[in-house]
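# Observations on the model geometry
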Amino acid sequence: MVIERSLSKDILLGLSYFPVVGIVGPRQVGKTTLAKQLMPLIARPSVYLDLELDADVEKLKNAQAYLQSHQDKCVVIDEIQLMPRLFSLLRALVDQDRVPARFLILGSASPSLIRESPQTLAGRIAYSELAPLSLPEVETVGVGQSEHWFRGGFPDALLAPSAELSAIWLRNFANTFLEKDLKAMGYEISLQTMSKLYRMIAHIHGQLLNVSALSSSLGVTHPTVGKYLDLLEGGFLIHRLQPYYANLGKRLIKSPKIYFRDTGILHQLASIASFEDLLGNSLVGASWKGYAIEQIRRVTENKWQYYFYRTVVGAEVDLVLISPNGKMVCVEIKYSLTPSIPKGFYVSVADLKPDFQYVIIPGGEPYWLNGRLKVCSLSHFLNQEIREIY
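Positions within a chain are numbered from 1, following the residues in the order the chain's sequence is written. Since the coordinates come from a predicted model, pLDDT governs what is reported: local features require at least 70, and pairs of side-chain atoms require 80 or more to be given and counted, while whole-chain, interface and lining totals use all residues. The side-chain quantities take in all heavy atoms of the structure and omit both hydrogens and water.

### Quick look at the packing of aromatic side chains
Note the threshold: Only centres within 6.5 Å qualify two rings of Phe, Tyr or Trp (six-membered ring in Trp) as a pair; their planes then separate them into stacked at under 30 degrees, edge-to-face at over 60, and tilted for everything else. Counting from the N terminus, the helices are the DSSP runs of H or I reaching at least four residues and the strands are the DSSP runs of E reaching at least two. Categorising residues by exposure relies on relative accessible area from a 1.4 Å probe, with only protein chains included: less than 20% of the type maximum marks a residue as buried, more than 50% marks it as exposed, and the intermediate range marks it as partly exposed.
Following the criterion strictly, the structure yields 14 aromatic pairs and no others. Measuring from centroid to centroid gives 5.0 Å for Tyr 358 and Phe 381, while their planes differ by 75°, and the two rings are edge-to-face. You can see Tyr 358 sitting in strand E11 (residues 356-361) and its partner Phe 381 sitting in helix H18 (residues 378-389), a full 23 residues away along the chain. The exposure class of Tyr 358 is buried, given its relative accessible area of 3%. Looking at Phe 381, the relative accessible area reads 0%, which means it is buried.

Here you go:
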């Protein structure tokens, strides 16, 4: 099944101007598939290298000679985090002949985790993050919201022929990241501690992050917990949603909230075996909230700013969005077709004075409350409202 990725246009646009374009994202998210689909559309001939293949690694033993012999092509280098020494060479080659689409590099970690990349290619590279499949992307091939929410957006998990196989894939994926990917990038970690932290995050998904409590439970220092959280976030597995600060004369919460980015992984770690089990689980509200926030991030492709707002007395907005044109959007997220809006949301809206207000629910036709607060489904918000705000 071929699912068109919304990021394709941005990547091709970058290749029309920048000498280097990077596609980053977690392993098995579809970076290789997307790159191979785009190769015939690039204005230059292309050659592909996979640094997990010994034969391709052998070609780069004399990397300068090999890459210079393909100077007229777009060289696609997959899993570049496995050979970070290439970054300084790419910079030198680009500076010798700065033309668009010299290199398309793919990496299973954020630039901040791939050592040397941010500094050496500054001003020469455009990065795009390929996330797991979004709801609008899978809706085009008939995958429903419930299945996408429960299984998550990794193609092999989402499209597995059974829930059991999907769960097996997700379990293996988590283990691979902890046991293989981080060590391959040169990070020395305690697998036991990281695994415990990973599962603890599943139980505090959607809550305020308390590093002291995690540190005490794990028996490690605050800096160690901070380092491990950085690695999980840099591997695109978690997201720390930051609080919104404004000079409003209010005492505000300053700790971030923590979410698993893919709800399939969250449900696997929480031992939730089916969608029906999820609906009866105490995690359902937090899971839906994290799912909605992540889908909004995927559709806006991280071009917006994302926060939550909360005062020390409990007035709260689940998601504060700032669009590229400066519009503020306050969003309440409820897993209910007849949501009850807490007083704290209205208090927060009075504080922030946003341009738009929404309540996102699982389904149903959009309608208005109080003439200013629009209630709509997640799908409607992603496919209609975001375009109108932007």
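### A short note on the environment of Leu 86
So the rule is basically this: The contact criterion used throughout is that any non-hydrogen atoms of two residues lie within 4.5 Å.
Mapped onto the elements, Leu 86 comes out in helix H5 (residues 86-96). On the basis of relative accessibility, which here comes to 0%, the residue Leu 86 falls in the buried class. The spatial distance from the C-alpha of Leu 86 to the C-alpha of Val 99 is 18 Å, given a sequence separation of 13 residues. Apart from the residues within four sequence positions on either side, Leu 86 is in contact with Leu 51, Leu 60, Ala 63, Ile 77 and Ile 80.

### Topic: the sheet that holds strand E12 (residues 367-369)
Where strands meet in a sheet, backbone hydrogen bonds hold them as pairs that are either parallel or antiparallel. For the record, the criterion: Think of it this way: DSSP has to see at least two bridges between two strands before they count as a pair. Here the axes come from fitting lines to C-alpha atoms, over the contacting stretch only for helices, and the angles between their N-to-C directions go from 0 to 180 degrees.
A sheet is described by the order of its strands in space; here 6 strands give the open sequence E8-E9-E10-E11-E13-E12, paired in mixed fashion. What marks the edges here is a single partner per strand, and that holds for strand E8 (305-310) and E12. For this sheet, the mean inter-axis angle between neighbouring strands, taken without regard to orientation, is 30°. Inspection of the sheet shows E11 paired to strand E13 (residues 373-377) by 5 bridges, in the parallel sense. Bridging across to E13, Val 359 finds its partner in Val 375. Here helix H16 (residues 284-300) sits on the sheet and contacts E8, strand E9 (316-322), strand E10 (328-333) and E11; the angle it forms with E9, its principal contact strand, is near 5°.

### Regarding the sheet that holds strand E5 (residues 125-129)
Strand order in the open sheet formed by 5 strands is E2-E3-E4-E1-E5, with parallel pairing between adjacent strands. Edge positions in the sheet fall to strand E2 (46-50) and E5, since each has one partner strand and no second. Neighbouring strand axes in the sheet, compared pairwise and without regard to direction, differ in orientation by 15° on average. Relative to strand E3 (residues 74-78), E2 runs parallel, the two sharing 5 bridges.

### A look at the side chain of Gln 295
Following the sequence through the fold, Gln 295 ends up in helix H16. A relative accessible area of 2% means that Gln 295 is categorised as buried. In this structure, Gln 295 is in contact with Leu 133, Ser 134, Leu 135, His 148, Leu 378 and Leu 382, ignoring residues within four places of it in sequence.

### Some points on the packing of helix H11 (residues 191-203) against helix H12 (residues 211-218)
To be explicit about the condition: Here the word oblique covers every angle except those under 35 degrees (roughly parallel), over 145 (roughly antiparallel) and from 65 to 115 (roughly perpendicular). The sense of a crossing depends on the near helix, which, turned anticlockwise from the far helix by less than a right angle, makes the crossing left-handed and, turned clockwise, makes it right-handed. Gly falls in the polar group here, along with every residue not listed as nonpolar (Ala, Val, Leu, Ile, Met, Phe, Trp, Tyr, Cys, Pro) or charged (Asp, Glu, Lys, Arg).
As a packed pair, H11 and H12 sit with axes 11 Å apart at the nearest point and diverge in direction by 135°. One way to sum up the angle between H11 and H12 is to call them oblique. Crossing of H11 over H12 shows right-handed handedness. Together, Thr 193, Lys 196, Leu 197 and Met 200 of H11 and Leu 214, Ser 217 and Leu 218 of H12 make up the contact between the two elements. Looking at the contact of H11 with H12 residue by residue, the classes come out as 4 nonpolar, 2 polar and 1 charged.

### Quick look at the state of the cysteines
We count it as follows: When the sulfur atoms of two cysteines come within 2.5 Å, that pair is taken as a disulfide.
Applying the stated criterion across every chain, the model contains 0 disulfides. With no disulfide of its own, Cys 376 lies closest to Cys 330 among cysteine sulfurs, the gap being 14 Å.

### Remarks on H12
The criterion, for reference: It is the directions from the helix axis to the C-beta atoms that the arc portrays. The definition of a polar contact used here is a pair of N or O atoms within 3.5 Å, where within protein one atom must be able to donate a hydrogen and the other to accept one, and adjacent residues in sequence count solely through side-chain atom pairs.
Inspection of H12 places Leu 214, Ser 215 and Leu 218 among the buried residues, and these make up the whole buried set. Along the axis of H12, the buried positions cluster into a sector of 100°, meaning they face one direction only. Away from its buried face by more than 90 degrees, H12 exposes Ser 216 and Ser 217. Buried residues along H12 sit against H11 and helix H13 (222-234). A side-chain oxygen of the first residue of H12 lies 3.1 Å from the backbone nitrogen of Ser 212; this N-cap is Asn 210. Phi turns positive one or two residues past the end of H12, at Gly 219, with a value near 75°.

### A short note on the nonpolar core
The line we're drawing: As used in this record, nonpolar core signifies buried Ala, Val, Leu, Ile, Met, Phe, Trp, Tyr and Cys residues forming a set joined through side-chain atoms within 4.5 Å.
In this structure, Leu 232 and Phe 381 are the most contacted members of the largest nonpolar core, which totals 89 residues. The element best represented in this core is helix H10 (residues 163-184), accounting for 7 residues. Not counting residues within four places of it along the chain, the set of residues in contact with Phe 381 comprises Ile 296, Leu 321, Val 331, Tyr 358, Ile 360, Cys 376, Ile 386 and Ile 389. Core analysis: the next-biggest nonpolar cluster, separate from the first, contains 22 residues, Ala 63, Met 83, Leu 93 and Val 94 among them.

### Notes on unusual backbone geometry
At Glu 301, a residue that is not glycine, the phi angle is positive and equals roughly 55°. Topologically, Glu 301 is positioned in the loop between H16 and E8. The phi torsion at Lys 353 lies on the positive side, around 50°, for a residue other than glycine. Tracing the chain through its elements places Lys 353 in the loop between helix H17 (343-352) and E11. The exposure class of Lys 353 is exposed, given its relative accessible area of 65%.

### Observations concerning the pattern of salt bridges
Operational definition: The term salt bridge refers to a pairing of a side-chain nitrogen on Lys or Arg with a carboxyl oxygen on Asp or Glu at a separation within 4 Å.
The tally for this structure, following the rule as stated, stands at 21 salt bridges. One salt bridge connects Glu 147 with Arg 151, and the closest N-O pair in it is separated by 4.0 Å. Of this pair, Glu 147 and Arg 151 are both found in helix H8 (residues 145-151), 4 residues apart, which corresponds to roughly one turn of the helix. By relative accessible area, which is 9% here, Arg 151 ends up buried.

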